[in-house]
Amino acid sequence: MKHQAGHAAPDKPLEIHLGYWLRLVSNHVSGSFASALQARQLSVAEWVALNHIEGRADITAAQLADAMNLTRGAVSKIVDKLVRKQCAVRASNPRDNRAQLLSLTPSGKRTLPRLRAIADHNDEHFFSRLDAAERAELRRLLQKLAEAHAISTVPVD
């Protein structure tokens, strides 16, 4: 029995679910990006942290943990790695001696645009089959679903 393109065969029950297709594509998109970062000795979590640190002056590790929806211990390990890689620094908070402020180093500031270019290339690789209107529509639909289900945590793995 022949089926029209885009319609799942009844003997393939997984393929009738949108979640299947979303997960299939998502795993490949995110896996490719993670591999590209790994080749540069960075993890997706470190990439997300760098973006948060750059996007907010005077961010503390606790605020970063909240933004990334991770434990403070997990964020501490991520920040330790970024400090060792000379991408971020900790400095004393003049308003609260117990907290440390995080910022990017000059090296971290130079690295982030290169990492964004990798993300752009990854998107282009996977989504180039869609024209600009289709990409915009896909983004709009995914954002609509995220908002409807109050999904706002940034994926870090």
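Scroll up to find the structure this text is about.
Position numbers for residues count from 1 along each chain, tracking the sequence in the order it is written. Local features in a predicted model are, by the rule used here, given only for residues with pLDDT of at least 70; side-chain atom pairs are given and counted only at 80 or more, and totals for whole chains, interfaces and linings are based on all residues. Side-chain calculation: all heavy atoms of the structure are included, whereas hydrogens and water are not.

Colleague: Any chance you could explain the sheet that holds strand E3 (residues 96-104) here in plain terms?
Modeller: Where strands meet in a sheet, backbone hydrogen bonds hold them as pairs that are either parallel or antiparallel. Here a strand pair is declared whenever DSSP counts at least two bridges between the two strands. A run of H or I in DSSP becomes a helix once it reaches four residues, and a run of E becomes a strand once it reaches two; helices and strands are each numbered from the N terminus. Sheet architecture is open: three strands sit in the order E1-E3-E2, paired in antiparallel fashion. Each edge of the sheet is formed by a strand with only one pairing partner; in this case those strands are strand E1 (59-60) and strand E2 (88-93). The pairing of E1 with E3 spans two bridges and is classified as antiparallel. Note on E3: the bridge partner recorded for Thr60 is Leu101. Contacts from helix H4 (residues 72-84) reach E2 and E3, with the element oriented near 115 degrees to E2. The criterion used for residue contact is that any of the two residues' heavy atoms lie within 4.5 Å. Structural elements are reduced to axes, namely lines fitted to C-alpha atoms, with helices fitted over the stretch in contact, and the angle between N-to-C directions of any two is expressed from 0 to 180 degrees.

Colleague: What is the right way to look at H4 in this model?
Modeller: Over its 13 residues, H4 runs 18 Å from end to end, which matches the ideal 18 Å to within 8%, given 1.5 Å per residue. Relative accessibility thresholds used throughout: buried, under 20% of the residue-type maximum; exposed, over 50%; partly exposed, between the two (1.4 Å probe, protein chains only). Every buried residue of H4 is listed here: Val75, Ile78, Val79 and Leu82. Seen along its axis, H4 keeps its buried residues to an arc of 95 degrees; they face one direction. More than 90 degrees from the buried face of H4, the exposed residues found are Lys77 and Arg84. Next to the buried residues of H4 lie helix H2 (44-55), helix H3 (61-68), E2 and E3. Positive phi appears at Gln86, one or two residues downstream of H4, with a value of about 60 degrees. A helix's residues, less one, multiplied by 1.5 Å, set its expected span. The directions from the helix axis to the C-beta atoms form the arc being described.

Colleague: What should I look at first to understand the pattern of salt bridges in this one?
Modeller: Each salt bridge in this description consists of a side-chain nitrogen of Lys or Arg and a carboxyl oxygen of Asp or Glu lying within 4 Å of one another. A full pass over the atoms with the stated rule returns five salt bridges. Glu54 is the partner of Arg116 in a salt bridge, and the nearest nitrogen-oxygen pair spans 2.6 Å. Linking Arg116 in helix H5 (residues 106-127) with Glu54 in helix H2, this pair joins segments that are 62 residues apart in sequence. With relative accessibility at 43%, the residue Glu54 sits in the partly exposed group.

Colleague: Help me understand the nonpolar core in this model?
Modeller: Nonpolar side chains in soluble globular proteins tend to be buried together. Nonpolar cores were defined as sets of buried Ala, Val, Leu, Ile, Met, Phe, Trp, Tyr and Cys residues, with membership established by side-chain atoms within 4.5 Å. With 27 residues, the main nonpolar core has Trp47, Ile53, Leu64, Met68, Leu82 and Leu115 as its most contacted residues. Elements represented by at least two residues in this core include exactly helix H1 (18-38), H2, H3, H4, E3 and H5. Among the elements that take part in this core, H2 stands out by supplying seven residues, more than any other. Beyond its immediate stretch of four places on either side in the chain, Ile53 contacts Ile59, Leu64, Leu82, Ala88, Leu102, Ser103 and Leu104.

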